[in-house]
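Listed below, chain by chain, are the residues.
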Amino acid sequence: MSHDGVGLRAVMRSAAFLTAGVLAVPLLSACSADDEGDRPAAAQDIAPASRDQVADGGTLRWAVDAVPETLNAFQADADAATSRVAGAVLPSMYRLDANGRPQINPAYLESAKVVGTEPKQVVLYKLNQQAVWSDGREIGAADFAAQWRALSGKDSAYWTARNAGYDRIEKIERGKNNLEVRVTFARPYADWKSLFSPLYPKSVMGTADSFNDGARRKLKVSAGPFAVKKVDVKGGQVQLTRNPRWWGSPTKLSEIDLVAVARDKRATALAADELDMAEIDPADAERITAARGRSGPLKGASATGTQSPGAGRDKGEKDDSGEKTGKGKDEKARDDGKSKRESDSDSDESSDGDEKDTSGAEGSKAKAADQQAALSAFVVRKSLEPAYTQLALNGSEGPLADERVRRAVARALDRKELAKVVLKPLGLPAEPVGSHLALIGQAAYSDNSGALGGQDTAEARALLADAGWVPGGPVTEQKKTEKAAGSKGKKADTDDSPGDDGTYIVGEDNKPSEADRDLRKDPKDHTGAHERTSAQSGIQADEQQAGKQYAKQGGAQGAYAPKGTAAPAGAASGALAKDGKPLTLRFVLPSGQGSESLRAVADRIAQMLQRIGIRTDISKVSDASYFKDHIASGQYDLALYSWPGSAYPATDARPIYSKPVPAADGSLSVEQNYTRVGTDQVDQLFDQALSTLDEGEERSLVRKADARIWAAAGSIPLYQRPQLTAVRTGLANAGAFGFQTPVYEDMGFLKKGAHPVASPSKTG
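Residues numbered from 1 in each chain as written. Predicted model: local features only at pLDDT ≥ 70, side-chain atom pairs only at ≥ 80, totals over all residues. Heavy atoms only, no water.

1. What to know about helix 20 (residues 680–691)
Phase 1 of the analysis: The terminal C-alpha atoms of helix 20 lie 17 Å apart, and with 12 residues this matches the ideal 16 Å at 1.5 Å per residue to within 8%.
Phase 2 of the analysis: Here helix 20 has its buried residues at Val682, Asp683, Leu685, Phe686, Ala689 and Leu690. Across the axial projection of helix 20, the buried residues extend over an arc of 160°, all falling on one side.
Phase 3 of the analysis: Next to the buried residues of helix 20 lie helix 18 (649–652), helix 19 (654–657) and helix 21 (695–712). (Helix = DSSP H or I, 4+ residues; strand = E, 2+ residues; numbered from the N terminus. Expected span 1.5 Å × (residues − 1). Buried < 20%, exposed > 50% of the residue type's maximum accessible area, 1.4 Å probe, protein only. Arc of directions from axis to C-beta. Contact = heavy atoms within 4.5 Å.)

Okay, structure coming up:
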């Protein structure tokens, strides 16, 4: 996944991340400027080292999911790999810091600020006088203007995926000199810092033909520390080489190769010396941890990147202990810009011979042992990805069209426990996310979950009773083809696992699941003890009360059952029914490898819902169809998928939570609101946030919008996604980046004897 602001925004507009890992917090009250909301929940883990400790030369082989279909980040089929290329080869006016907040990129900007608000908003950019395109031309107003015209939405000949912000610009002109660019807005735009990142040359943006086709498989002109050398679709690789016209700090690496490797093949590719860095799943992280002689949770095993004896030598070179060392810098890398990656031919020939002489199980065991030994050359660097996993509730039809049922589902969940399922085994902070619109550490973050309320089984049952769902009610016998109360859906396109038809109903087998047994081990964890008081001293700003003001008043209107509504007795022992149909919700999950933690979370959720009388019909479908055929089309009741956090929530989150509206053909236009739950008030708050130039007021409005999104209970944020990256020992300034934009020119392999700064993840 992409780690910079550009990438997150590009992917956000194309599709949601799927929580399978590959497909794609602290207090109830709001965070003040001085509390831990100012820091991310987990620090980045990149083995930081000063540039003088990093060797010159070498090639970094970095895994991506696929060779990008386009190098134009503003097209609909752009993906995370597109954004990674853009981050290395194109200008970006702003980049994200470790807290996920935009900061001026000094390589391109000396300053940027609003210099006028009346009668129109005017932003003045002062460019770095050294900034030039790779063809020698200065970066200037002509490039800004070409990008604005292409993305303004006024010319349908441009096949653009988005125009947010650019559609508010009235004109762009040269300032006092070639280094100044004046941008005048027709309407105020709070998120103006999101624009022109990345910035493409006018040769790409200048005409519809060049925009549509000129930057799909090649990018002739660039202006980053690296340039695109080759896009090899057949070979599954994108080669980036040093930009000879780069004016900033020289790149330490000679080349970065983005290599297409499926997530489930990455451990094998790492062991085979085909990769140096790759995001991996927890199971592969455990393998690498075990290969390095560590046991238990990944706490501290994330490999701080501490230099092993001999790191920095060439592959195949032995250290004093006789062990093969990790990949390092070859002397010839200074000349040809690429490290040699020699192999020990005698050892390889001997290994080949051994393989021919072995067969069956013994051969497989030997191969697995060799692969495991090879993984000891890597470390696991870990952080929290700038994205969160949510439980989505489809409010378009069925029981979940009733907001009382949605709120009951939400009140049944122990979000702290669900976060532990995924994050505790990895040694990462297991705190639930308290906002739909920002993550811990970002300026707009505050925990507004108080607008809905914490886990409360009795209240959840009371809400269901108020909605007419009662235990022991008459249930009409249904035909096999008839659906229980829930969404209409197609037959699950399940996997072909023997003995598993892809569907089971929690509550009908009369057997506690493994997750339920775990939950019963310590009943103290499920009595609502995790609910937090909404009172916190020292917080006076009105917007910071957005979540807790509802908690003080008993929640948002309708968040609780009417006073006096009793929780029906026996609700936990049997399914609830209404109008002759049981309350059964279809819970759709991906079935592919790498979705284990996702399914574990779903299992816990199903058990929590069973306690309030809701049964779940769990359908496991193929990864390929999960999003397109189920989430986007609305063929589900409950689902788990992720959204990235954004530095510009007023712009980026609006399509996700805006109220669906009828289209001209009679269908429902949902944009990216796949839960189909929205309100006019939320839309108005987003519009107001986008139009104010007061940053404090914008944060206030975003937080109020978030509180109302919580109250509507269309989606329930659960936890921030783990970010696990396998990195060859000795590779510095790279790994689990967290929020921060990678600094491509500083990545590289440590010199002999050099050591990085201790990893922050080592402590927790």
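2. Structural notes on the nonpolar core
Phase 1 of the analysis: Judged by nonpolar contacts, the single largest core of 174 residues is most densely connected at Phe196, Leu391 and Leu640.
Phase 2 of the analysis: The greatest single-element share of this core, amounting to eight residues, is contributed by strand 12 (residues 378–393).
Phase 3 of the analysis: Those residues in contact with Leu391 that sit more than four places away from it in its chain are Val409, Leu413, Phe587, Ile605, Leu638, Ala639, Leu640, Gly714, Ser715, Ile716 and Leu718.
Phase 4 of the analysis: Residues Val54, Ala732, Leu750 and Ala754 belong to the second largest nonpolar core, which totals five residues. (Core = buried A, V, L, I, M, F, W, Y, C linked by side-chain atoms within 4.5 Å.)

3. As for the environment of Ser658
Phase 1 of the analysis: Along the chain, the position of Ser658 falls in the loop between helix 19 and strand 20 (661–662).
Phase 2 of the analysis: As a C-alpha pair, Ser658 and Val682 span 24 residues in sequence and 7.0 Å in three-dimensional space.
Phase 3 of the analysis: Sequence-distant contacts of Ser658, defined by excluding residues within four places in its chain, comprise Glu671, Asn673 and Asp683.

4. Comments concerning the sheet that holds strand 13 (residues 470–471)
Phase 1 of the analysis: Read from one edge to the other, the open sheet built from three strands follows the order 13-15-16, with strand pairing classed as antiparallel. The sheet terminates laterally at strand 13 and strand 16 (581–582), the two strands that pair on one side only.
Phase 2 of the analysis: Inspection of the sheet shows strand 15 (residues 576–578) paired to strand 16 by two bridges, in the antiparallel sense. The partner of Ala577 across the bridge, within strand 16, is Pro582. (Pairing = 2+ DSSP bridges.)

5. What to know about the pattern of salt bridges
Phase 1 of the analysis: Applying the stated criterion across every chain yields a total of 23 salt bridges.
Phase 2 of the analysis: Several salt bridges converge on common partners, so that one network encompasses Arg61, Asp273, Asp276 and Arg728. (Salt bridge = Lys/Arg side-chain N within 4 Å of Asp/Glu carboxyl O.)

6. A look at the sheet that holds strand 7 (residues 180–185)
Phase 1 of the analysis: Ordered by their spatial adjacency, four strands build an open sheet running 4-5-7-6, and the pairing between neighbours is antiparallel. With partners counted over all chains shown, the strands left at the sheet margins are strand 4 (109–116) and strand 6 (169–174), one partner each. Averaged over all adjacent pairs, the angle separating strand axes in this sheet is 15°, with direction ignored.
Phase 2 of the analysis: Here six bridges tie strand 4 to strand 5 (residues 122–127), and the two strands are oriented antiparallel to one another. (Axes fitted to C-alpha atoms, helices over the stretch in contact; angles between N-to-C directions.)

7. A look at the packing of helix 20 against helix 21
Angle between the axes and distance between the axes: these two values describe a pair of packed helices.
Phase 1 of the analysis: At a closest axis distance of 9 Å, the pairing of helix 20 and helix 21 adopts a crossing angle of 165°. Between helix 20 and helix 21, the crossing angle belongs to the class labelled roughly antiparallel. As helix 20 runs across helix 21, the sense of the crossing is left-handed. When helix 20 is examined against helix 21, the residues Gln681, Val682, Leu685, Phe686, Gln688 and Ala689 are found in contact with a partner set consisting of Glu698, Leu701, Val702, Lys704, Ala705, Arg708 and Ile709.
Phase 2 of the analysis: Counted by class, the contact of helix 20 with helix 21 contains eight nonpolar, two polar and three charged residues. (Parallel < 35°, antiparallel > 145°, perpendicular 65-115°, else oblique. Left-handed = near helix turned anticlockwise from the far one by under 90°. Nonpolar A, V, L, I, M, F, W, Y, C, P; charged D, E, K, R; others polar.)

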